[in-house]
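In case you want the letters, here they are:
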Amino acid sequence: MTATSGRPAAGSDADRGAGGRGGGGAGGGAGRDDTVAAVVRQWRSVHPALDTGPMEVIGRINRCAALLQQAEDAPLRRAGLSRPEFDLLGALRRTGHELTPSELAKETFSSGAAVTKRLKQLTERGLVERRGDARDRRVAHLRLTDAGRDLVDGILPEQLAYETAVLSVLAPEGQGELAGLLAELLGRLEGRTGALRV
């Protein structure tokens with residue numbers, strides 16, 4: 001997203017209104033200033049006729065996601081896991097039953113080739129085990145080992161504690177409103193790309 005690639009804002013109080021609803025802005029109120037607000041101001045100076053409202057929303061979502069993931073990945077790095085590997089382990093843990101590689105690809109929105117590579121690494125580490133299908137030797141059924149389950153259960157509380165601390169800057173009602181808006185947006189997006197989940 002273009003809006004995530006700018007430099008941190010260093011604007012004055014007058015500049016902080018640039019992210020507001022006036023002039024086509026969709027997400028920033030008076031007194032707000034962040035990296036995306038700075039980027040929006042830069043784009044408005046280059047293309048003043050363009051509506052940068054979508055950038056203010058999508059850019060902030062992408063920026064927040066990137067910052068959250070960087071911090072959340074710290075416990076994963078300590079455990080020697082990548083984010084995509086943990087997503088696979090998490091899918092096996094939360095569904096509570098065996099999954100095939102193709103089912104894991106759908107659960108984690110990953111390609112089949114990427115899932116195969118990650119599963120090989122996780123199997124070699126003793127975190128996942130595979131069982132062949134009695135009727136079709138080409139199909140594998142995957143599940144967590146005890147070590148894999150313990151690893152997921154050990155990391156998850158640390159991540160949730162971090163997320164709770166991050167969201168504590170918002171009042172409970174603000175968290176609920178944000179969750180509702182994101183749920184509405186995600187539902188619309190998933191409706192457009194529903195074929196990926198088939």
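The text that follows walks through the structure, step by step, so that each part is easy to find. Computed from a predicted model, the values in this text were never measured in an experiment.

In this section: the overall build of the chain. Along its length, the chain carries seven helices and two strands. N-terminal to C-terminal, the α/β element order of the chain is α-α-α-α-α-β-β-α-α. The long-range share in the chain, meaning contacts at least 24 apart out of those at least 6 apart in sequence, stands at 57%. Accessible surface computed for the chain: about 12,400 Å², of which carbon and sulfur atoms make up 56%.

Leu81, Leu89, Leu104, Leu119, Leu122 and Val128 are the most contacted members of the largest nonpolar core, which totals 20 residues. Listing elements by their share of this core, those giving two or more residues are helix 3 (83–95), helix 4 (101–108), helix 5 (112–124), strand 2 (140–144) and helix 6 (146–167). For this core, the leading source of residues is helix 3, giving five residues. Once residues within four sequence positions are removed from consideration, Leu122 is found in contact with Leu81, Glu85, Leu88, Leu89, Leu127 and Val128.

Summed over all chains, the structure comprises twelve salt bridges. Measuring nitrogen to oxygen at the nearest pair gives 2.9 Å for the salt bridge that ties Glu56 to Arg44. Separated by twelve residues along the polypeptide, Glu56 in helix 2 (residues 53–78) and Arg44 in helix 1 (residues 35–46) bring together distant segments of the chain. Sharing partners across several salt bridges, the network here consists of Asp34, Arg44, Glu56 and Arg60.

Positioned with a positive phi, Phe109 is a non-glycine residue whose angle comes to about 55°. One can find Phe109 in the loop between helix 4 and helix 5. Looking at Phe109, the relative accessible area reads 52%, which means it is exposed.

Right, let's talk about the environment of Glu163 for a bit. Residue placement: Glu163 occurs in helix 6. Expressed as a C-alpha distance, the spacing of Glu163 and Ala71, which sit 92 residues apart in the sequence, is 9.6 Å.

This part is about the packing of helix 2 against helix 6. Two elements in contact, helix 2 and helix 6, have axes separated by 10 Å at closest approach and are oriented at 155°. Considered as vectors, helix 2 and helix 6 are oriented roughly antiparallel to each other. By crossing handedness, the relation of helix 2 to helix 6 is classed as right-handed. Between helix 2, through Leu67, Leu68, Ala71, Glu72, Pro75, Leu76 and Arg78, and helix 6, the contact on the second element is made entirely by Ile155, Glu158, Gln159, Tyr162, Glu163 and Val166. Looking at side-chain class alone, the contact of helix 2 with helix 6 contains eight nonpolar, one polar and four charged residues.

The next thing to look at is a nonpolar patch on the surface. On the surface, Val57, Ile58, Ile61, Leu167, Val169, Leu170, Leu178, Leu182, Leu185 and Leu189 cluster together into a nonpolar patch covering about 760 Å² of accessible area. Broken down by secondary-structure element, the contributors of at least two residues to the nonpolar patch are helix 2 and helix 7 (172–192). Per-element tally for the nonpolar patch: the top contributor is helix 7, with four residues. Looking at the secondary structure, you find Val169 in the loop between helix 6 and helix 7.

Before going further, it helps to spend a moment on the environment of Asp51. Note on placement: Asp51 falls in the loop between helix 1 and helix 2. Sequence separation of Asp51 and Val40 is eleven residues, and the distance between their C-alpha atoms is 9.8 Å. In terms of polar contacts, Asp51 uses its side chain to reach the backbone amide nitrogen of Gly53, at 2.9 Å.

Basis of the calculations
Throughout this document, residue positions are counted from 1 along each chain, in the order its sequence is written. The predicted nature of this model means local features are confined to residues of pLDDT at least 70 and side-chain atom pairs, given and counted, to a pLDDT of 80 or more, with totals for whole chains, interfaces and linings taken over all residues. Excluded from the side-chain calculation are hydrogens and water; included are all heavy atoms of the structure. By the criteria applied, helices consist of DSSP H or I runs no shorter than four residues and strands consist of E runs no shorter than two, each listed in order from the N terminus. Contacts are assigned to residue pairs that have any heavy atoms within 4.5 Å of one another. Per-residue accessibility takes into account occlusion by the displayed protein chains alone, with areas from the Shrake-Rupley method and a 1.4 Å probe. By nonpolar core we mean a set of buried residues, namely Ala, Val, Leu, Ile, Met, Phe, Trp, Tyr and Cys, connected to one another through side-chain atoms within 4.5 Å. The classification of residues rests on relative accessible area computed with a 1.4 Å probe and restricted to protein chains. Under 20% of the type maximum is buried, over 50% is exposed, and intermediate values are partly exposed. For this document, the term salt bridge refers to a Lys or Arg side-chain nitrogen within 4 Å of an Asp or Glu carboxyl oxygen. Axis geometry follows a simple rule: fit a line to the C-alpha atoms, using only the stretch in contact for helices, then measure angles between N-to-C directions, giving values from 0 to 180 degrees. Angle categories: roughly parallel below 35 degrees, roughly antiparallel above 145, roughly perpendicular from 65 to 115, and oblique for all the rest. Here a crossing is called left-handed whenever its near helix is offset anticlockwise from the far helix by less than a right angle, and right-handed whenever the offset is clockwise. Residues are grouped as follows: Ala, Val, Leu, Ile, Met, Phe, Trp, Tyr, Cys and Pro are nonpolar; Asp, Glu, Lys and Arg are charged; all remaining types, including Gly, are polar. A patch consists of residues exposed above 30% relative accessible area that lack any salt bridge, with like charges linked at up to 9 Å and nonpolar side chains (Val, Leu, Ile, Met, Phe, Trp, Tyr) linked at up to 5 Å. In protein, a polar contact means a hydrogen-donor-capable atom and an acceptor-capable atom, both N or O and within 3.5 Å, with residues adjacent in sequence counting only if both atoms are side-chain atoms; elsewhere, any N or O pair within 3.5 Å suffices.

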